[in-house]
Amino acid sequence: MKDWLKKHCSLLVALFVVVAFLATNSVLLAKDFYYLCLFPVGLLALLLFILRMETGLMIMALLTPLAVNIAIIPGMELSMPVEPMMILFTLMFFFRVLVSRSFDTKILRHPVTIAILSQLAWFVITSATSELPGVSFKYFAARLWFVVPFYFAGVLIFRNQRRIREFFWCYAAGLIFVVLFATIRTLGHMGDLQTLHRVMCPFYNDHTAYGCVIALFLPATFYFVFSRNDKGWARVFFIALFGLLCVGLFFSYCRAGWLSIMAAIGVYVMVRMGIKVRWMVLLFGLGIGVFFYYQSDVLYKLGKNKQDSSLDLAGQVKSISNISTDASNLERLNRWASAIRMFKEHPAMGCGPGTYQFLYASYQKSYQKSVISTDFGNRGNAHSEYIGPLTEQGIPGAALVCIVYLTTFATGVKVYRTSKDKTIANMALAFTLSLLTYYVHGVFNNFLDTDKLSVPFWGFTAIVVALDLYSEKKNNNTLPGRKEEK
């Protein structure tokens, strides 16, 4: 009996907590104490993170596409139920590391990790010098509970290749529901473009974030379609998923999402041709230089484009370069111009992480405003993963963003070209190209302050690093490493 109790201790504790959870919720609901119901839910999540941290991570990935923003207190929204779970997971992870005093130092020495830690350190410094320190430190805390579970814990968990597939499928399962939900609603509103931009609500706040996450998953899904490990029904499911995501991306009418897929295809061709990463970067830099050298001529020609957003595919593609009448493009240029003016006042430290949307109104010029401009900071941020940090964290902040992206991309390409296992090499390239879609999309939007994109973004980054750290000793299809934590 004693041996049986010892063997099934965790199961008995879990059953006890579940019973207590149901009983407590029944009492609280009966007395209309709705918010107190979160307390037993938190206890159940905490127990899960203690007993099965890997399973907890997968559950958060599954729930993220289905999470909805709810105002917990006035002026503060959380994505429920995943953000409270991420907070608990982060605290539990720090506690376990401090108690065990063990963490794979190879992870800490990896170039991507060093870049991410440097970025987090700069977050703290610029939050202390921020014009709104309270806003900045809350923004930093949110970044922390995105990065710690899905990158630092993720690298450890993704040593096992099976966990990589599970993570992919968990988020994809929730995303499948959202794509089906949005597509069905799209078919009922085919004549109204403004309505089509909102059919994915309340799960994603607009069509740009929705299109961005679909584009992020397409390269990885394409890899699994042709993976040698997937046969029979598994391959059929991946083909169906790929087809569904293509339909979802098309009906998202997200022009940046379409561009990011084209960029991923172009980079894939260059990688297969054997072009080195530094030449790709130089080619990209040369393109930017040519644009600025001929910017007067380019902007003149773009200004003659009068094609607005359209339900027609050709028209929607043509509207990408319309900077004269398209409201979305005009507002993006207005945000960028305001951000540059703010940057010029704070070039070294920036105005503080997360503060742009509360400060940019006074930097707008009346002649640059669009019909959707606002002075109340209620319609998003700087619309760029590069210009936003430049404004909020100065030149070092923007430089660190580029370093994180370039280091991750270079790591993925290196694994593809040096791994002894072809399966791992192809997987590394697939997830690197998935991340590349976000790097390109980040020119036009920034979503890493939301759980919807942070979860797959940092998770995919962790996958690339895990494949780099643990693939050299690999002789079969299972990544080496210690046994999974119980």
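Computed from a predicted structure; not experimentally measured.

## A few points about the side chain of Glu 385
Among the secondary structure elements, Glu 385 is positioned in the loop between α18 (356–359) and α19 (387–418). A distance of 3.1 Å separates a polar atom in the side chain of Glu 385 from the backbone nitrogen of Phe 447. Beyond its immediate chain neighbours, meaning those up to four positions away, Glu 385 contacts Val 401, Tyr 405, Tyr 438, Gly 442, Asn 445, Asn 446, Phe 447 and Leu 448.

## Digging into the pattern of salt bridges
Under the definition given, this model contains 4 salt bridges. A salt bridge links Arg 335 to Glu 331; its shortest N-O distance comes to 2.7 Å. Here Glu 331 and Arg 335 lie together in helix α17 (residues 327–345), a separation of 4 residues that amounts to about one turn. Arg 335 sits in the buried class, given a relative accessible area of 1%. Put simply, Lys 414 and Asp 468 hold a salt bridge, and the shortest N to O gap is 3.2 Å. Pair noted here: Lys 414 is in helix α19 and Asp 468 is in helix α21 (residues 451–470), with a separation of 54 residues, a long-range link. Take Lys 414: its relative accessible area is 41%, and that puts it in the partly exposed class. Connected via shared salt-bridge partners are Arg 162, Arg 163 and Glu 166.

## Quick notes on the packing of aromatic side chains
For the structure on display, the rule yields 33 aromatic pairs. Aromatic pair Phe 224 and Phe 238: ring centres 5.0 Å apart, planes at 15°, arrangement stacked. Of this pair, Phe 224 sits in helix α11 (residues 207–225) while Phe 238 is found in helix α12 (residues 233–252), placing the two residues 14 residues apart along the sequence. Taken together, the ring pairs in this structure connect Phe 150, Phe 158, Phe 167, Phe 168, Trp 169, Tyr 171, Phe 217, Tyr 223, Phe 224, Phe 238, Phe 431 and Phe 460 into an aromatic cluster. Sitting above the plane of the Tyr 204 ring, Lys 452 keeps its charged end 5.1 Å from the centroid.

## Describing the packing of helix α8 (residues 133–157) against α21
One way to put it is that α8 packs onto α21 with a least axis distance of 8 Å and a crossing angle of 30°. Considered as vectors, α8 and α21 are oriented roughly parallel to each other. α8 and α21 meet at a crossing whose hand is right-handed. For the pair formed by α8 and α21, the contact residues are Arg 143, Phe 146, Val 147, Phe 150, Tyr 151, Gly 154 and Val 155 on the first element and Asp 451, Ser 454, Val 455, Trp 458, Gly 459, Thr 461, Ala 462, Val 465, Ala 466, Leu 469 and Tyr 470 on the second.

## Quick look at the layout of surface pockets
Taken as a whole, the second largest pocket spans an internal volume of roughly 690 Å³. Put simply, the parts of the chain that give the lining of the second largest pocket at least two residues each are α11, α12, α13 (255–272) and α20 (422–441). For the lining of the second largest pocket, the element with the most residues is α20, which contributes 6 residues. When its residues are assigned to classes, the lining of the second largest pocket shows 16 nonpolar, 3 polar and 3 charged.

Calculation rules
- Residues numbered from 1 in each chain as written.
- Predicted model: local features only at pLDDT ≥ 70, side-chain atom pairs only at ≥ 80, totals over all residues.
- Heavy atoms only, no water.
- Helix = DSSP H or I, 4+ residues; strand = E, 2+ residues; numbered from the N terminus.
- Polar contact = N/O pair within 3.5 Å; in protein donor to acceptor, adjacent residues only side chain to side chain.
- Contact = heavy atoms within 4.5 Å.
- Salt bridge = Lys/Arg side-chain N within 4 Å of Asp/Glu carboxyl O.
- Buried < 20%, exposed > 50% of the residue type's maximum accessible area, 1.4 Å probe, protein only.
- Phe/Tyr/Trp six-rings, centres within 6.5 Å; stacked < 30°, edge-to-face > 60°.
- Lys NZ or Arg CZ within 6 Å of the ring centre and 35° of its normal.
- Axes fitted to C-alpha atoms, helices over the stretch in contact; angles between N-to-C directions.
- Parallel < 35°, antiparallel > 145°, perpendicular 65-115°, else oblique.
- Left-handed = near helix turned anticlockwise from the far one by under 90°.
- 1 Å grid on protein atoms, 1.4 Å probe; cavity = no way out; pocket = protein on both sides within 12 Å on 5 of 7 lines; lining within 4 Å.
- Points joined across faces, edges and corners; volume = space filled by probe spheres on them.
- Nonpolar A, V, L, I, M, F, W, Y, C, P; charged D, E, K, R; others polar.

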